[in-house]
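# Secondary and tertiary structure notes
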Amino acid sequence: SILVFLFFINAYNLIDGLDGLSTTTGIYILVIFFWIFFINNTLIESMIALSLIGALLGFLIFNKPPAKIFMGDSGSLSVGLIIAFLAIKVANLPLDSMGTLNPVFPMVVLAYPAIDTLRVFFIRLSQGLSPFSADRKHIHHDLLDLGLSHGESTLTIVGISIIFSLIAYQLRLSPNLSFFTLVPIILFVSHIPHTLIIRRNK
């Protein structure tokens, strides 16, 4: 649990690189978590998720492209902490009225921050750099380099994340099937923007 907290707090902080990206991603994650808490009658966590959704929606008005204000470290670290706490709670709750448990589902919901962070950490370490050094190796930077705007990049990332979450929910009855199906697909899709850039440069 401590490792989940430390990892996701930093992962959520690292995706705060585009106007509206971390805010929209947070809303998408929290809406799904709220729904799971609600169907399980988990009222305290439901209120926490719903309150943060409201806060992020109010913030998005000023954070959408072109952003007038930014979340910054204090905002992204705080939101990341709350989402990490809720993710651990969700992993231990049924996903439907049949009592289906599948810890892979919250992993898929959190896939973009997690995969993007692991990807940039690996690239930086392979180049002999600190994993926390600043660069433009994030997936959202690749989408910008492909010609997408901040808003288009954000909608692309969140849209694909929602699709993966829906697939994970459909496969909820089999944790092993959902894990071994979705993890390779998510890894493959996350590498597509960088591959397109390499081919374009050639």
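Residues numbered from 1 in each chain as written. Predicted model: local features only at pLDDT ≥ 70, side-chain atom pairs only at ≥ 80, totals over all residues. Heavy atoms only, no water.

## Some details on the side chain of Thr25
As for its placement among the helices and strands, Thr25 is situated in helix α2 (residues 21–39). With a relative accessible area of 3%, Thr25 lands in the buried category. A polar contact is formed between the side chain of Thr25 and the backbone oxygen of Leu21, at a distance of 2.8 Å. Setting aside chain neighbours within four positions, we find Thr25 in contact with Ile15, Pro113 and Val158. (Helix = DSSP H or I, 4+ residues; strand = E, 2+ residues; numbered from the N terminus. Buried < 20%, exposed > 50% of the residue type's maximum accessible area, 1.4 Å probe, protein only. Polar contact = N/O pair within 3.5 Å; in protein donor to acceptor, adjacent residues only side chain to side chain. Contact = heavy atoms within 4.5 Å.)

## What to know about the pattern of salt bridges
A complete count under the given rule lists 4 salt bridges for this structure. Between Lys89 and Glu45 there is a salt bridge whose closest N-O contact spans 3.7 Å. One end of the pair, Lys89, is in helix α4 (residues 72–90); the other, Glu45, is in helix α3 (residues 43–63), and 44 residues separate them in sequence. Classification of Glu45 as buried rests on a relative accessible area of 11%. One salt bridge connects Asp145 with Arg136, and the closest N-O pair in it is separated by 2.7 Å. (Salt bridge = Lys/Arg side-chain N within 4 Å of Asp/Glu carboxyl O.)

## What about the packing of aromatic side chains?
Applying the stated criterion to the full structure yields 5 aromatic pairs. Seen in terms of ring centroids, Trp35 and Tyr169 are 5.3 Å apart; in terms of plane orientation they differ by 70°. Their pairing is edge-to-face. In this pair, Trp35 is assigned in helix α2 and Tyr169 in helix α8 (residues 150–170), connecting sequence segments 134 residues apart. Here Arg172 stacks its cationic end above the ring of Tyr169, 4.1 Å away from the centre of that ring. (Phe/Tyr/Trp six-rings, centres within 6.5 Å; stacked < 30°, edge-to-face > 60°. Lys NZ or Arg CZ within 6 Å of the ring centre and 35° of its normal.)

## Here we look at the side chain of Asp19
When you line up the elements, Asp19 lands in the loop between α1 (2–14) and α2. Of the side chains with opposite charge, Lys68 lies nearest to the buried Asp19, which makes no salt bridge, at 9.8 Å. With residues up to four places along the chain from it excluded, the contact list for Asp19 reads Asn63, Lys64, Pro65, Pro66, Ala67, Phe70, His150 and Thr154. (Lys, Arg positive; Asp, Glu negative; His and termini not counted.)

## Points about the confidence of the model for the chain
Averaged over every residue, the pLDDT of the chain is 93; the share at 70 or more is 100%. Confidence, expressed as mean pLDDT per element, reaches its minimum in the chain at helix α6 (residues 111–126) with 91 and its maximum at α2 with 97. (pLDDT = per-residue confidence, 0-100.)

## Remarks on the nonpolar core
In this structure, Ile29, Leu30, Phe33, Ile83 and Phe105 are the most contacted members of the largest nonpolar core, which totals 44 residues. Considering every element that reaches this core, the biggest residue donor is α2, with 9 residues. Every residue in contact with Ile29, bar those within four places of it in the chain, is listed here: Phe8, Ile83, Val109 and Leu110. (Core = buried A, V, L, I, M, F, W, Y, C linked by side-chain atoms within 4.5 Å.)

## Focus on a nonpolar patch on the surface
Where nonpolar side chains cluster on the molecular surface, the patch consists of Ile2, Leu3 and Leu6 and spans about 370 Å² of accessible area. Among the structural elements, Ile2 can be located in helix α1. Accessibility expressed as a relative area gives 65% for Ile2, which makes it exposed. (Patch = residues over 30% accessible without salt bridge, like charges linked within 9 Å, V, L, I, M, F, W, Y side chains within 5 Å. Areas by Shrake-Rupley, 256 points an atom, 1.4 Å probe, with all protein chains shown as cover.)

## So, the packing of α1 against α4
Contact geometry of α1 with α4 gives a least axis separation of 8 Å together with a crossing angle of 135°. When the axes of α1 and α4 are compared, the pair comes out oblique. Once α1 is placed against α4, the crossing between them reads as right-handed. For the pair α1 and α4, contact is made by Val4, Phe5, Phe8, Ile9, Tyr12 and Asn13 and by Asp73, Ser76, Leu77, Val79, Gly80, Leu81, Ile83, Ala84, Phe85 and Ile88, respectively. Here the contact of α1 with α4 is built from residues that sort into 12 nonpolar, 3 polar and 1 charged. (Axes fitted to C-alpha atoms, helices over the stretch in contact; angles between N-to-C directions. Parallel < 35°, antiparallel > 145°, perpendicular 65-115°, else oblique. Left-handed = near helix turned anticlockwise from the far one by under 90°. Nonpolar A, V, L, I, M, F, W, Y, C, P; charged D, E, K, R; others polar.)

## Re α2
One turn of an α-helix holds 3.6 residues; hence residues three or four places apart share an orientation. Between its first and last C-alpha, α2 extends 28 Å over 19 residues, near the 27 Å set by a 1.5 Å rise per residue. In terms of burial, α2 is a largely internal element, 14 of the 19 residues being buried. Directly beyond the C-terminal end of α2, a positive phi value near 55° is found at Asn41. (Expected span 1.5 Å × (residues − 1).)

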